[in-house]
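# Observations on the model geometry
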Amino acid sequence: MSNFIAQLLEDHAGQNFELHEHHLNTQMVRVLKTIGYDRVYTKAKGPYLYDDQNNEYLDLLSGFGVYALGRNHPTVIAALKDVITSELPDMVQMDVSLLSGLLAEQLLQRCPDNLTKMFFCNSGTEAVEAAMKFSRYTTKRNKIVFCDHGYHGLTMGALSLNGENVFREGFGSLLPDCISVPFNDLSELEKALENRDVAAFIVEPIQGKGVNLPSDDYLPGVAALCKKYGTLFVADEVQTGIGRTGKFWAIEHWNVEPDMICMAKALSGGFIPVGGVAMTSQVMDAVFNRMDRAVVHGSTFSKNNMAMAAGLAALKVIDEERLVENAAKIGKDLMFGLQRQVDKYELFKSVRGKGLMIAIEFGSPKSLSLKAAWGMLEAANKGLFSQMITIPLFKNHRILSQVAGHGMNVVKFLPPLIINEKDCDWILTALDEVIADCHKVPGSIWDLGRTLTGHALKSKAGAS
Ligand SMILES: Cc1ncc(COP(=O)(O)O)c(C=O)c1O
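The paragraphs below set out a description of the structure included in this document. (Residues numbered from 1 in each chain as written. Predicted model: local features only at pLDDT ≥ 70, side-chain atom pairs only at ≥ 80, totals over all residues. Heavy atoms only, no water.)

### Notes on the overall build of the chain
Summing up its helical and strand segments, the chain has 18 helices and 15 strands in all. Here the C-alpha atoms of the chain give a radius of gyration of 23 Å, agreeing with the 23 Å that 2.2 N^0.38 yields for 464 residues. For the chain, the spread of C-alpha atoms along the principal axes amounts to about 70 × 65 × 45 Å. Surface exposure of the chain reaches about 21,400 Å², of which carbon and sulfur atoms provide 54%. Here the chain holds 46 positive side-chain charges and 52 negative ones, and the gap between their average locations is 4 Å. (Helix = DSSP H or I, 4+ residues; strand = E, 2+ residues; numbered from the N terminus. Rg over C-alpha atoms; globule rule 2.2 N^0.38 Å. Areas by Shrake-Rupley, 256 points an atom, 1.4 Å probe, with all protein chains shown as cover. Lys, Arg positive; Asp, Glu negative; His and termini not counted. Charge placed at Lys NZ, Arg CZ, Asp CG, Glu CD.)

Set out below in C-alpha cells:
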C-alpha cells in the first residue's frame, strides 16, 4: 500500500466539488461555481496550475502569498525528503532541535540588527497572537493599537485587531483594549499612544486588504512615536515579508527597526505551515524570564523538523535564484506596463504596489454610456466591478487573481516571485483585452455584470 494516496487520487478523480459540497464548506463550492472558478486542478509547477484538461493557468494568487518560490520547488522537495529519510528525532519537546536553531540564525541574519531572538509557531495568525501576548507581558500594559482595514489573521486575538467588520461580525465579544486608528495617520496614532498605556502598535508595512502603501514618513514616524511612548512596534510582515515587495522585509523600504516582525506564508516553501516572530532580546527575556516560565507560550507542533527544513530550503532558493531582486525587477516592469494601460483606459484609475505586491484600481468613467452602466453596478453592490476583471481574466485568459478586499474596485496580483517577462506579457495582453471589453457597452462583460448584480441582490435579500 505504499502508493495508497496515488491510488486514492486516481479512484476519486474529479470528486472534489461533490466531496466538499457534502462534507466541507458548501458556500465555497457555490461561490466557485457561480463565478466559474470550478476547475479540477491536477498538477502544479512553478507559477502554473494545470487542470484535468491539461489547461495551463498563471497563478497570481499564489495561495494568498504562500508560493513565493512557485509550486513544488525541487529544492524544497529534496529538503523534505532528506528529513523524512534521515529518521531524525522530532518534537522531543524536552529538547532543543538543531534545525530550528539553524533557521532562527538564518532568519535573524536577515533582520534588522536590533532583532536577535526568534519564536516559531505554525501560521501567520499564531505569530500575531504571540506578538500580542509578548507585548502585553513585556510592557505590563493591556492596550493594543491596530489600523483600519488591517488584517492579521482570524483567531480570536488576531481577529480583535481586524480592521474589517465583515470578518468580526457575529463572533461575539472580542478582546477588550484593542483600538483602531487610521492607517498612515501619525497624529491619530500619537493620540492613541500618548497616555503611555499601549503595549503594542501592530501594522502591516503595506496593507494587504487594498494594497495600501504608507507615505514615506509614516513608518519612521511610527517607530519614533512608539519609542517616545514606550509602545512596542510590531511589523506584521506575514504577507509582505520574505521578498514579496522587492526587499527581504518591506520595512527595509523605509529603514525602520521594529521591536518584532511577524512572518509566515512564504517561509513554508509552499509545503509545511510555519510562522515566526523575530524580536529584540528585551522582549524574549521579559516573557521567558524564569525557568518555570520556559514553556509559558508555545505550541506542540512548532519547530517541527519538516517546517524548519522547509524554511531553510525556502531561504536557500530565495538566495540562489535571487528572488528578492527578481521581485523588484519584474514588479517594476509589470507596473510600468500597467501604468500605460491606466493612461489608455478611462475605467482604469491607478496602479500601485511594491515588488510583486500590486494593485490595480478601477473607478467611475467619464463617458455617459459607461457611467450609467458603472452606476448601476455600484448601486447593486460596491466593488462588484472588480469581479468583471477577475472573472474574464480567469475564464478567457486562464489567469487566477483576486479582488483586493470587500467593497472596493481593486484587483490584487500576488504572483510567485519567480515569474518572468513571458508571464508579464501574458498578464498585460490579457488585461488589455479584458479592460478593452469593459469599455464596450453593451457587451459581454456588462452582461456578466448584470448576472453578478442578480446574485448580489439575491444574497442581499438573504437568499441562502
Ligand atoms: C498581514 C497578515 N497577517 C496575518 C495573516 C494571517 O496568516 P494565516 O492565514 O497564516 O493565519 C495574514 C494572512 O493573510 C496576513 O496577510
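### Here we look at the site of the ligand
Neighbouring the ligand are the residues S123, G124, T125, Y151, H152, G153, E204, D236, V238, Q239 and K265. Between an oxygen atom of the ligand and a main-chain N or O atom of T125, the distance comes to 2.8 Å. Within the side chain of K265, an N or O atom sits 2.8 Å from an oxygen atom of the ligand. Coverage of the ligand by the protein chains reaches 81% of its 390 Å² of free accessible surface. (Near = heavy atom within 4 Å. Polar contact = N/O pair within 3.5 Å; in protein donor to acceptor, adjacent residues only side chain to side chain.)

### Quick word on the packing of aromatic side chains
What the rule picks out here adds up to 13 aromatic pairs. Arranged with centres 5.4 Å apart and planes meeting at 70°, the rings of F183 and Y218 form a pair that is edge-to-face. Of this pair, F183 sits in the loop between strand 6 (178-181) and helix 10 (186-193) while Y218 sits in helix 11 (residues 218-229); the two residues are 35 residues apart in sequence, bridging distant segments of the chain. Just as F183 is buried, Y218 falls in that class too. Relative to F385, the ring of W374 has its centre 5.1 Å away and its plane inclined at 55°; by these criteria the two rings are tilted. Of this pair, W374 sits in helix 15 (residues 368-380) while F385 sits in helix 16 (residues 385-397), placing them 11 residues apart in sequence. Ring pairing ties together the aromatic residues F348, F362, W374, F385 and W446, which thus form one cluster. Directly above the ring of Y50 sits K43, whose terminal nitrogen or CZ lies 4.9 Å from the centroid. (Phe/Tyr/Trp six-rings, centres within 6.5 Å; stacked < 30°, edge-to-face > 60°. Buried < 20%, exposed > 50% of the residue type's maximum accessible area, 1.4 Å probe, protein only. Lys NZ or Arg CZ within 6 Å of the ring centre and 35° of its normal.)

### Concerning the sheet that holds strand 11 (residues 348-354)
Pairing is antiparallel in the open sheet, where four strands are placed in the order 11-12-15-14. Taken across any chain shown, the strands that pair with only one partner, and hence form the sheet edges, are strand 11 and strand 14 (402-403). One ladder, built from two bridges, connects strand 14 with strand 15 (residues 410-413); its direction is antiparallel. Paired with V403 across the bridge in strand 15 is V411. Set on the sheet, helix 16 makes contact with strand 12 (357-362), strand 14 and strand 15; between it and strand 15 the angle comes to about 40°. (Pairing = 2+ DSSP bridges. Contact = heavy atoms within 4.5 Å. Axes fitted to C-alpha atoms, helices over the stretch in contact; angles between N-to-C directions.)

### Quick look at the sheet that holds strand 1 (residues 41-45)
The four strands are arranged 1-2-3-13 in an open sheet whose pairing can be described as mixed. Looking at the sheet topology across the chains shown, the edges are occupied by strand 1 and strand 13 (399-400). Contacting strand 2 (48-51), strand 3 (56-59) and strand 13, helix 17 (residues 421-438) crosses the sheet at an angle of about 95° to strand 3.

### Re a nonpolar patch on the surface
A grouping of F4, I5, L8 and L9 is seen on the molecular surface, where their side chains present a nonpolar patch of about 400 Å² in accessible area. Following the sequence through the fold, I5 ends up in helix 1 (residues 4-11). By relative accessible area, I5 is classed as partly exposed at 48%. (Patch = residues over 30% accessible without salt bridge, like charges linked within 9 Å, V, L, I, M, F, W, Y side chains within 5 Å. Salt bridge = Lys/Arg side-chain N within 4 Å of Asp/Glu carboxyl O.)

### Considerations on the packing of helix 2 (residues 16-23) against helix 3 (residues 26-34)
The contact between helix 2 and helix 3 brings their axes to 7 Å, and the two run at 140°. By the criterion of interaxial angle, the relationship of helix 2 to helix 3 is oblique. Of the residues in helix 3, those in contact with F17, H20 and E21 of helix 2 are T26, V29, L32 and K33. Across the contact of helix 2 with helix 3, the residue classes break down as three nonpolar, two polar and two charged. (Parallel < 35°, antiparallel > 145°, perpendicular 65-115°, else oblique. Nonpolar A, V, L, I, M, F, W, Y, C, P; charged D, E, K, R; others polar.)

### Observations concerning the pairing of strand 3
In terms of strand pairing, strand 2 meets strand 3 through three bridges, oriented antiparallel. Residue pairing in the sheet places Y50 in a bridge with E56 of strand 3. With antiparallel pairing between neighbouring strands as the criterion, strand 2 and strand 3 make up a hairpin whose turn holds four residues, including N54 at a positive phi of roughly 65°. Taken together, the two bridges between strand 3 and strand 13 define a ladder with parallel strand orientation. Bridged to L58 within strand 13 is I399.

### Focus on the pairing of strand 2
The two faces of strand 2 match: Y48 and Y50 on one face and L49 and D51 on the other face are all buried. Pairing geometry for strand 1 and strand 2, over four bridges, is antiparallel. By the bridge assignment, K43 is partnered in strand 2 with Y50. If you look at the hairpin formed by strand 1 and strand 2, you'll find two residues sitting between the two strands, and G46 has a positive phi there, around 55°.

### A word on the environment of L19
Relative to the helices and strands, L19 is located in helix 2. Once the C-alpha coordinates of L19 and G407 are considered, the two residues, 388 residues apart in sequence, prove to be 31 Å apart.

### Things to note about the nonpolar core
In this structure, F201, I360, F362, F385, I389, F413 and W446 are the most contacted members of the largest nonpolar core, which totals 121 residues. Broken down by element, the residue count for this core peaks at 10 residues, all from helix 13 (residues 305-320). Apart from residues lying up to four places away in sequence, I389 is in contact with F362, V411, L431, V434, I435 and C438. Counting residues in each nonpolar core, the second largest holds 26 residues, with A130, A131, C262 and V287 among its members. (Core = buried A, V, L, I, M, F, W, Y, C linked by side-chain atoms within 4.5 Å.)

Without other data, these values stay purely geometric and don't point to any function.
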